[in-house]
Amino acid sequence: QAMRHTKGFMTMARLADLFVHFIPTACALLLYASDITASTALAALPCNIMYWAATGSSTLADTNLIYGVKPDPPEFIWAFIYGGHLAFCAVACFACALIGKV
């Protein structure tokens, strides 16, 4: 239980997040940048909320029952993951709208 609050655990969690989320997203962004529009980014915006609702979880951390990460990450990690997705989609939508890719 105490391990999840150590600096080493947090470093490993951030590195894992890079390989599981950031690097694939960055590759997809580079490969398919010309196909991303404000509409597609807007459509992706609620996806993690729909996923969370489909799991039947009462908190974001409850989704770890699906992922099975041990030890359980602290609540703020889950807020960062879900909030990061919302922020990324919102920024992509705004950026596409700014350059006229609706």
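Look up: the structure comes first, before these words.
Here is a short report on the structure shown in this document. (Residues numbered from 1 in each chain as written. Predicted model: local features only at pLDDT ≥ 70, side-chain atom pairs only at ≥ 80, totals over all residues. Heavy atoms only, no water.)

**What about the overall build of the chain?**
Along the backbone of the chain there are 5 helices and 0 strands. The N-to-C order of helical and strand elements in the chain reads α-α-α-α-α. Dimensions of the chain along its principal axes, counting C-alpha atoms only, are 50 × 30 × 20 Å. Going through the 102 residues of the chain one by one, you find that 19% of them count as buried. Within the chain, counting contacts between residues at least 6 apart in sequence, those at least 24 apart form 64% of the total. When the accessible surface of the chain is totalled, it reaches about 7000 Å², and 75% of it is carbon and sulfur. The centroid of the 5 positive side-chain charges in the chain is displaced by 9 Å from the centroid of its 5 negative side-chain charges. (Helix = DSSP H or I, 4+ residues; strand = E, 2+ residues; numbered from the N terminus. Buried < 20%, exposed > 50% of the residue type's maximum accessible area, 1.4 Å probe, protein only. Contact = heavy atoms within 4.5 Å. Areas by Shrake-Rupley, 256 points an atom, 1.4 Å probe, with all protein chains shown as cover. Lys, Arg positive; Asp, Glu negative; His and termini not counted. Charge placed at Lys NZ, Arg CZ, Asp CG, Glu CD.)

**Concerning the environment of V69**
Along the polypeptide, V69 turns up in the loop between α4 (64–67) and α5 (75–98). Relative accessible area serves as the criterion here: at 33%, V69 is assigned to the partly exposed category. Put simply, V69 and G84 are 15 residues apart on the chain and 19 Å apart in space, counted from C-alpha to C-alpha.

**A look at the nonpolar core**
Grouped together as the largest cluster of nonpolar side chains are 5 residues: A38, A41, A92, C93 and C96. For this core, the elements supplying multiple residues, two or more each, are α2 (38–44) and α5. Looking at this core element by element, the count peaks at 3 residues for α5. (Core = buried A, V, L, I, M, F, W, Y, C linked by side-chain atoms within 4.5 Å.)

**A closer look at a nonpolar patch on the surface**
A cluster of nonpolar side chains, M12, L15, L18, F19, V20, F22 and I23, forms an exposed patch at the surface whose accessible area comes to about 710 Å². Here F22 falls in the exposed class, since its relative accessible area comes to 53%. (Patch = residues over 30% accessible without salt bridge, like charges linked within 9 Å, V, L, I, M, F, W, Y side chains within 5 Å. Salt bridge = Lys/Arg side-chain N within 4 Å of Asp/Glu carboxyl O.)

**A word on the environment of G56**
Along the chain, G56 turns up in the loop between α3 (47–55) and α4. Residues G56 and L98 lie 42 residues apart in sequence; the distance between their C-alpha atoms is 37 Å.

**Focus on the side chain of N64**
Residue placement: N64 occurs in helix α4. You can call N64 buried: its relative accessible area is 6%. Residues contacting N64, with those up to four places away along its chain left out, are V69, D72, P73 and W78.

**Considering α5**
The first and last C-alpha atoms of α5 sit 34 Å apart over 24 residues, in line with the 34 Å expected at 1.5 Å per residue. Buried residues along α5 sit in contact with α1 (7–32), α2, α3 and α4. Taken from the residues just after α5, G100 is the one with a positive phi, measuring 85°. (Expected span 1.5 Å × (residues − 1).)

Geometry only, nothing functional implied.
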